[in-house]
Amino acid sequence: MNNNILCIGAGYVGGPTMAMIAYKCHDINVTIVDINQERIDAWNSDELPIYEPGLEEVVKSRRNKNLFFSTDIEQGIIDNDIIFVSVNTPTKTFGHGAGYAADLQYWEKCARHIREVANSDKIVIEKSTLPVRTAAAMARILEHGSKNTVFTVLSNPEFLAEGTAIDDLQNPDRVLIGGSQTEQGKFAIEKLAAIYGRWVDDEKILRTNLWSSELSKLTANAFLAQRVSSINSISALCEKTEADVSEVAHAIGADKRIGSKFLKASIGFGGSCFKKDILNLVYICETYGLTECADYWRQVVIMNEYQESRFVARMLKAMFNTIAGKKIAILGFAFKADTGDTRESPAIKVCKELLQENAIITISDPQALKSAKRDLADVENLENIVFEADPYKATEGAHAIALLTDWRNYKELDFKKIYETMEKPAFFFDGRNHIDSDMLYDIGFNVYTIGQTEKTHI
Ligand SMILES: NC(=O)c1ccc[n+]([C@@H]2O[C@H](COP(=O)([O-])OP(=O)(O)OC[C@H]3O[C@@H](n4cnc5c(N)ncnc54)[C@H](O)[C@@H]3O)[C@@H](O)[C@H]2O)c1
């Protein structure tokens, strides 16, 4: 068995994780394959298909040395004995479990492809986030081949966060490797652990059984999302009672048992994973007849959707119950700062709801305008949307600003200058509590932050 690595799926996870392995292990050849030719061409070009701070340096330092991007999946399977599968596992949109269960068609195609092409023993590693007990299905598919090749399935879920992926990969809180407790399983676990061990301390490399590993990934995302929804539910109460959610968050976060991280009230979570993974968890609970558990986790998603709608309702109410024909500048469309990813971004829902009210929206974002155009391509009144990279131009003549992504450079904007070019009264709706609200109020804005009483001049 050779030490060469193949990764099937060159996306937000496959690209950065494999680039990091190549960066840390110069003696291991790492090949990333994908069915999407355009994506592979971009990985091989000067303009990488995803934006992630620090990624470009890592990729360019190892590309065509021990890091390769290709569409030749078959050759990849033949040449490499360690195979990561990092394809997308979106929420199913059809049939049983539609709207909840994970769509495993891409993942299953990969398993069958590996089985058909492999002619030597392979370690097959689930990198994608998958429902608990998927590895059993994967093993069954792989074992039903006609050749004598031995396949060992491991689960190695990825915990990186977009926007900080390179740092997360260099200094992970933990690396999780799940495998069966047979000799063969233990051998595979240690082989993978040795690769991470090149730069991660052994006590941070957790070895578990397969099912714990698969379920830990879903659980981690559910807990993170739950914290966001918990503080957001309190933010709604703060707006009614004159309590201030940032003071409440600070006060409760000082308790070590609660901890201060991930307690910032906002317009809500987005990204490709949180919602999908919780809904998947809900589906799994229901499958096992655990209705109360399913309902508990479903509520996290319901709260998130409520927070997005509540934001638009507050805008509408503040602006005299009509925004038809009014220009609204959207600052930030990505689901979080430091990424161009807009999957499940709250901005999508906010913009669609504003368009339904016949507002004219101008969308600005340093990295996500291309994706924003794609996300809004199907709206009816497309003529009411302007895409503008320059935030000063985007806000010119606007009645209101809605800040939806906490890009650092927004803190450095000259809001006095912006205020002067806007229609009056000028409104500022801060969906991330990102800009100093007292400063905005002193300039003249009517300011609405999440979980705080509005500061208005009218
Ligand atoms: N994005 C994140 O922050 C993140 C973090 C942790 C885990 N995950 C999980 O990792 C997995 C991948 O997520 P992503 O964001 O990288 O997805 P992505 O959509 O960016 O990338 C998946 C890639 O797989 C390719 N693909 C699909 N079927 C294929 C096949 N049969 N052969 C070859 N390539 C194929 C697609 O063309 C695509 O480029 C998902 O299960 C996700 O839940 C994502």
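Residues numbered from 1 in each chain as written. Predicted model: local features only at pLDDT ≥ 70, side-chain atom pairs only at ≥ 80, totals over all residues.

Once that is clear, we can look at helix 9 (residues 210–241). Two residues of an α-helix separated by three or four positions point the same way, owing to the 3.6 residues in each turn. Helix length check: helix 9, at 32 residues, gives a terminal C-alpha distance of 47 Å against a target of 46 Å (1.5 Å per residue), a fit within 8%. Of the residues flanking the end of helix 9, it is Glu-242, one or two places downstream, whose phi is positive at about 70°. (Helix = DSSP H or I, 4+ residues; strand = E, 2+ residues; numbered from the N terminus. Expected span 1.5 Å × (residues − 1).)

Before going further, it helps to spend a moment on the site of the ligand. Around the ligand sit 27 residues in total, of which Gly-9, Gly-11, Tyr-12, Ser-128 and Thr-129 are the nearest. No other element matches helix 5 (residues 105–117), which puts 3 residues into the shell around the ligand. Grouping the amino acids of the shell around the ligand by side-chain chemistry returns 12 nonpolar, 10 polar and 5 charged. (Near = placed C-beta within 6 Å. Nonpolar A, V, L, I, M, F, W, Y, C, P; charged D, E, K, R; others polar.)

Another point: the domain arrangement of the chain. For the chain, the assigned domains are domain 1 (5–208), domain 2 (218–302) and domain 3 (306–449). Placing the centre of domain 2 and that of domain 3 at their C-alpha centroids yields a distance of 24 Å. Taken together, the 13 residues of domain 2 in the interface contact 16 residues of domain 3. Its residues placed into classes, the side of domain 2 that touches domain 3 shows 4 nonpolar, 7 polar and 2 charged. (Domains from an automatic or database assignment. Contact = placed C-beta atoms within 7 Å.)

What follows is about the pairing of strand 8 (residues 205–208). Inspection of the sheet shows strand 7 (residues 175–178) paired to strand 8 by 4 bridges, in the parallel sense. Note that in strand 8 the partner of Gly-178 across the bridge is Thr-208. Between strand 7 and its parallel partner strand 8, the chain crosses via helix 8 (residues 183–196), and the hand of that crossover is right-handed. (Pairing = 2+ DSSP bridges. Right-handed = clockwise from strand over helix to strand, strands pointing away.)

This part covers the nonpolar core. Counting residues in each nonpolar core, the largest one holds 72 residues, and the members touching the most others are Ile-328, Ile-330 and Ala-402. Residue-level mapping places this core at the junction of two domains, with at least three residues from each of domain 2 (218–302) and domain 3 (306–449). In this structure Ala-402 touches Met-315, Ile-328, Ile-330, Val-350, Phe-429 and Gly-431, once residues within four positions along its chain are discounted. The next biggest cluster of nonpolar side chains, apart from the first, holds 55 residues, and it includes Leu-67, Phe-69, Leu-176 and Leu-210. (Core = buried A, V, L, I, M, F, W, Y, C linked by C-beta atoms within 7 Å. Buried ≥ 20, exposed ≤ 12 C-beta atoms within 10 Å, placed from the backbone.)

This brings us to helix 8. Between its terminal C-alpha atoms helix 8 stretches 20 Å, which fits the 20 Å expected from 14 residues at 1.5 Å a residue. Listed in full, the buried residues belonging to helix 8 are Ala-188, Ile-189, Leu-192 and Tyr-196. One side of helix 8 carries all its buried residues, which in axial view fall inside an arc of 100°. (Arc of directions from axis to C-beta.)

Two elements in contact, helix 9 and helix 10 (residues 245–253), have axes whose closest approach is 9 Å; the angle formed by their N-to-C orientations is 135°. Classified by the angle between their axes, helix 9 and helix 10 sit oblique to one another. For the element pair helix 9 and helix 10, the recorded crossing hand is right-handed. Between helix 9 and helix 10, the residues in contact are Ile-231, Ile-234, Ser-235 and Cys-238 and Val-245, Val-248 and Ala-249, respectively. Partitioning the contact of helix 9 with helix 10 into residue classes produces 6 nonpolar, 1 polar and no charged. (Axes fitted to C-alpha atoms, helices over the stretch in contact; angles between N-to-C directions. Parallel < 35°, antiparallel > 145°, perpendicular 65-115°, else oblique. Left-handed = near helix turned anticlockwise from the far one by under 90°.)

Next up on the list: the packing of helix 12 (residues 291–318) against helix 13 (residues 346–356). Orientation of helix 12 relative to helix 13, taken along the N-to-C sense of each, is 40°, at an axis distance of 10 Å. As the angle between them shows, helix 12 and helix 13 are arranged oblique. As helix 12 packs across helix 13, the resulting crossing turns out to be right-handed. Side by side, helix 12 and helix 13 meet where Glu-308, Phe-311 and Val-312 of the first sit next to Pro-346, Lys-349, Val-350, Glu-353 and Leu-354 of the second. Taken together, the residues of the contact of helix 12 with helix 13 break down into 5 nonpolar, no polar and 3 charged.

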